[in-house]
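Fold and geometry: a report
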Amino acid sequence: TLGLNDWKPLVAALILPPVPWIVLIGIGAVWLRQQRPVGWLLVLPACASMWLSSTSAVGEMLQRTLLAVPPALTAKEIAALQQGQAKARAPDTVIVVLGGGRESLAPEYGMSNLTPRALARLRYGVWLGRETGLPLAFSGGVGLGSQGGTPEAEVAARIAAQEFGRPLKWTETRSRDTRENASASVNLLREAGVRHIVLVTHGWHMARAQRAFEEAVH
């Protein structure tokens, strides 16, 4: 990556809304002085796009149409995982929960904590582990742009053990984004003889996460 990973948060902030619409409004404002129709042709759509991209309805529509959100596991699929785990002499399938962010210090707890998004993933992973009997792994370090502190996987391990009563078997603490989640987790679990992964993340993130894990495997 030629050392560009450290610039990822800045690049993302510059290319994602609302920055492109703000730039377009600025260009349109300049054109308003020279050719008013052209200026309005830039300003009005940019303002409309900024408003639309801020609404939850448009966000959900784009999520459904562009991200190909997969369905959740069915009861039949969960039962198949449970049966496979029961028949296996040595478990070769693991539930891998991907990190979704952490607070370096949650004042109400006086320690680090998971964000609601990460906590939702961990909760489902713990529930799925109980339903299937599969062991759990969590992947997440200190995200790009963060200022250090406790890795997310260590925070998740504490919450899983103390609050959910189900300790994690593996914690991957060095990754900073989805691609690194995949490569570090695959290397860690391959050494333990794991052959199959049940990936836990949000639906809108699943396609990108699955692609990253497939690339890491190959």
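Refer to the preceding data block for the structure.
All values reported here derive from a predicted model rather than from experimental measurement. (Residues numbered from 1 in each chain as written. Predicted model: local features only at pLDDT ≥ 70, side-chain atom pairs only at ≥ 80, totals over all residues. Heavy atoms only, no water.)

Observations concerning the overall build of the chain
Counting its secondary structure elements, the chain contains 9 helices and 6 strands. Taken against the 2.2 N^0.38 rule, which gives 17 Å for 218 residues, the C-alpha radius of gyration of the chain at 21 Å runs more than 25% over that of a compact globule. Each principal axis of the C-alpha distribution contributes one length, and for the chain these read about 75 × 40 × 40 Å. Within the span of the chain, comprising 218 residues, buried residues form 32% of the whole. (Helix = DSSP H or I, 4+ residues; strand = E, 2+ residues; numbered from the N terminus. Rg over C-alpha atoms; globule rule 2.2 N^0.38 Å. Buried < 20%, exposed > 50% of the residue type's maximum accessible area, 1.4 Å probe, protein only.)

A word on the pairing of strand β4 (residues 136-139)
Along β4, one buried face is formed by L136 and F138 and the opposite face, lined by A137 and S139, is buried too. With 4 bridges connecting them, strand β1 (residues 93-98) and β4 associate as parallel partners. When the bridges of β4 are listed, V96 appears paired with A137. Where β4 lies against strand β5 (residues 170-172), 3 bridges are found, and the strand directions are parallel. Residue pairing in the sheet places A137 in a bridge with W170 of β5. (Pairing = 2+ DSSP bridges.)

Points about the pattern of salt bridges
Tallied over the entire structure, the rule returns 3 salt bridges. In this structure, R195 and D92 form a salt bridge, with 3.9 Å as the shortest nitrogen-oxygen distance. Of this pair, R195 sits in the loop between α8 (178-191) and β6 (196-200) while D92 is found in the loop between α5 (75-87) and β1, placing the two residues 103 residues apart along the sequence. Where E215 meets R179, a salt bridge forms, and the shortest distance between an N and an O atom there is 3.1 Å. Taken together, the residues E215 in helix α9 (residues 203-217) and R179 in helix α8 connect sequence positions 36 residues apart. E215 sits in the partly exposed class, given a relative accessible area of 44%. R179 gets classed as exposed once you look at its relative accessible area, which sits at 54%. (Salt bridge = Lys/Arg side-chain N within 4 Å of Asp/Glu carboxyl O.)

A short note on the environment of H202
Summarising the element assignment, H202 is placed in the loop between β6 and α9. By relative accessible area, which is 23% here, H202 ends up partly exposed. Along the backbone, H202 and E103 are 99 residues apart, and their C-alpha atoms lie at a distance of 19 Å. When residues no more than four places from it in sequence are discounted, the contact partners of H202 are R117, A120 and R121. (Contact = heavy atoms within 4.5 Å.)

Looking at the packing of helix α2 (residues 19-34) against helix α3 (residues 36-53)
Contact geometry of α2 with α3 gives a least axis separation of 7 Å together with a crossing angle of 160°. By the criterion of interaxial angle, the relationship of α2 to α3 is roughly antiparallel. As α2 runs across α3, the sense of the crossing is left-handed. From α2, W21, I22, L24, I25, I27, G28, A29, W31, L32 and Q34 reach across to α3, where they touch R36, V38, G39, W40, L42, V43, A46, C47, S49, M50 and S53. Residue composition of the contact of α2 with α3, grouped by class: 15 nonpolar, 5 polar and 1 charged. (Axes fitted to C-alpha atoms, helices over the stretch in contact; angles between N-to-C directions. Parallel < 35°, antiparallel > 145°, perpendicular 65-115°, else oblique. Left-handed = near helix turned anticlockwise from the far one by under 90°. Nonpolar A, V, L, I, M, F, W, Y, C, P; charged D, E, K, R; others polar.)

Observations concerning the sheet that holds β1
In space, the 4 strands of this open sheet follow the order β5-β4-β1-β6, with parallel pairing throughout. The open sheet terminates on both sides in strands that have one partner only, identified here as β5 and β6. Taken pair by pair, the neighbouring strands of this sheet meet at an average axis angle of 25°, ignoring direction.

Quick look at the packing of helix α6 (residues 116-132) against helix α7 (residues 152-162)
α7 packs onto α6 with a crossing angle of 55° between their chain directions and a minimal axis gap of 11 Å. Classified by the angle between their axes, α6 and α7 sit oblique to one another. Viewed along their axes, α6 and α7 form a crossing whose handedness is right-handed. On α7, the residues that touch A118, L119 and L122 of α6 are E152, A156, I159 and A160.

Describing a nonpolar patch on the surface
On the surface, a cluster of nonpolar side chains totalling about 630 Å² of accessible area is made up of W7, L10, V11, L14, I15 and L16. Within the fold, I15 resides in helix α1 (residues 8-15). (Patch = residues over 30% accessible without salt bridge, like charges linked within 9 Å, V, L, I, M, F, W, Y side chains within 5 Å. Areas by Shrake-Rupley, 256 points an atom, 1.4 Å probe, with all protein chains shown as cover.)

Notes on unusual backbone geometry
In this structure, P18 follows P17 across a cis peptide bond, with omega equal to 10°. Following the sequence through the fold, P18 ends up in the loop between α1 and α2.

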